[in-house]
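# Chains, contacts and geometry: an overview
Read off the chains here:
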Amino acid sequence: MQLDPHKFSWFQVPEDIKSLLILAAQTWENTSESEKYIQQALARTGENTDVLVAAYRFFYYKNNYSLAWQTTVKLLDKIKEAEKFPDDWEQLKPILVNRKEDPQIRLYLNAYAASGLVLAKLGAIEQAKEISTKVKEIDEKNDFGAGILLDILTRPAEDDDD
């Protein structure tokens, strides 16, 4: 199959990395082979945001929640460092609220909400609830899905007595 790296022009990565990501997509049915291409792209680009997002999606949809979690943490750390975010949530929250339309901040909030989802998949329900609650505080329009996840995680168990 012929690769066309120009087909994915929104990826801000070198052509050889685009080719690896395309190969991963083309070999999707063969998990070990497609994962090999994702790992090569990660190894060659280090902490490239587009590659981290692609890798997170890959691992999530392949149900490899452990690697999805690791990838999300790398993405969050990268943005946190670039934006010089404080560690304390009460200091960070107003920054996120005031800049939530900034693409970098939206990416951070998306990744943070995604980390809650992955933690829930890994069974870390309390951590997932905490993250979902924090994102929901900022996200009145539910753009990042944290409210939905929080509703699911806090929904009372249904009665099975029927």
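As shown above, the structure is provided for reference.
What you see is a predicted model; the values in this text were computed from it and never measured. Throughout, a residue's number is its position along its own chain's written sequence, starting from 1. Whole-chain, interface and lining totals are the exception, using all residues; otherwise, since this is a predicted model, local features are given only for residues with pLDDT of at least 70 and side-chain atom pairs are given and counted only at 80 or more. Side-chain descriptors were evaluated using all non-hydrogen atoms of the structure, hydrogens and water having been removed beforehand.

### Focus: the packing of aromatic side chains
Any two aromatic rings considered together are summarised by their centre-to-centre distance and by the angle between their planes. Our working rule: Ring pairs are drawn from Phe, Tyr and Trp, using the six-membered ring of Trp, whenever the two centres fall within 6.5 Å, and their geometry is named by plane angle: stacked under 30 degrees, edge-to-face over 60, tilted for the rest. Per the convention used, a helix needs a DSSP run of H or I reaching at least four residues, while a strand needs a run of E reaching at least two, with both numbered from the N terminus.
In this structure the tally under the stated criterion is eight aromatic pairs. A centroid spacing of 5.0 Å and a plane angle of 80 degrees characterise the contact between Phe85 and Tyr108, whose relative ring orientation is edge-to-face. Of this pair, Phe85 sits in the loop between helix 4 (65-83) and helix 5 (89-98) while Tyr108 is found in helix 6 (residues 103-121), placing the two residues 23 residues apart along the sequence. Here Tyr108 and Tyr112 contribute two aromatic rings whose centre-to-centre distance is 6.1 Å and whose plane-to-plane angle is 20 degrees, an arrangement assigned as stacked.

### Some remarks on unusual backbone geometry
The cut-off we apply is this: Only protein chains enter the accessibility calculation, which uses a 1.4 Å probe; a residue is then buried when its area is under 20% of its type maximum, exposed when over 50%, and partly exposed in between.
Phi at Asn63 is positive, roughly 60 degrees, even though this residue is not glycine. By secondary structure assignment, the location of Asn63 is in the loop between helix 3 (49-61) and helix 4. Overall, Asn63 belongs to the exposed group, its relative accessible area being 51%. Positioned with a positive phi, Lys84 is a non-glycine residue whose angle comes to about 55 degrees. Among the secondary structure elements, Lys84 is positioned in the loop between helix 4 and helix 5. Classification of Lys84 as exposed rests on a relative accessible area of 71%.

### Regarding the environment of Ile79
Keep this limit in mind: Contacts are residue-level and defined by heavy atoms, with any inter-residue pair within 4.5 Å sufficient.
Checked against the element boundaries, Ile79 lands in helix 4. Separated by 58 residues in the primary sequence, Ile79 and Leu21 place their C-alpha atoms 22 Å from one another. Residues in contact with Ile79, not counting those within four places in the same chain, are Phe85, Gln104, Leu107 and Tyr108.

### Quick notes on the environment of Leu122
Along the polypeptide, Leu122 turns up in the loop between helix 6 and helix 7 (125-138). For Leu122, a relative accessible area of 44% translates into the label partly exposed. Taking the C-alpha atoms as reference points, Leu122 and Ser66, 56 residues apart in sequence, are found 7.4 Å from one another. Residue contacts for Leu122: discarding those within four places in its chain leaves Tyr65, Ser66 and Trp69.

### Focus: the pattern of salt bridges
The criterion, for reference: Here, a salt bridge means any side-chain nitrogen of Lys or Arg that lies within 4 Å of a carboxyl oxygen of Asp or Glu.
As enumerated under the stated definition, the model contains eleven salt bridges in all. Across the salt bridge formed by Lys93 and Glu137, the nearest N and O atoms sit 3.2 Å from each other. With Lys93 in helix 5 and Glu137 in helix 7, this residue pair connects regions lying 44 residues apart in the sequence. A salt bridge links Lys129 to Glu126, with the shortest nitrogen-to-oxygen separation between them at 3.3 Å. Of this pair, Lys129 and Glu126 both sit in helix 7, three residues apart, which is roughly one turn of the helix. Look at Lys129 and you get partly exposed, because its relative accessible area is 22%. Linked by salt bridges that have partners in common, Glu83, Arg99 and Asp102 make up one network.

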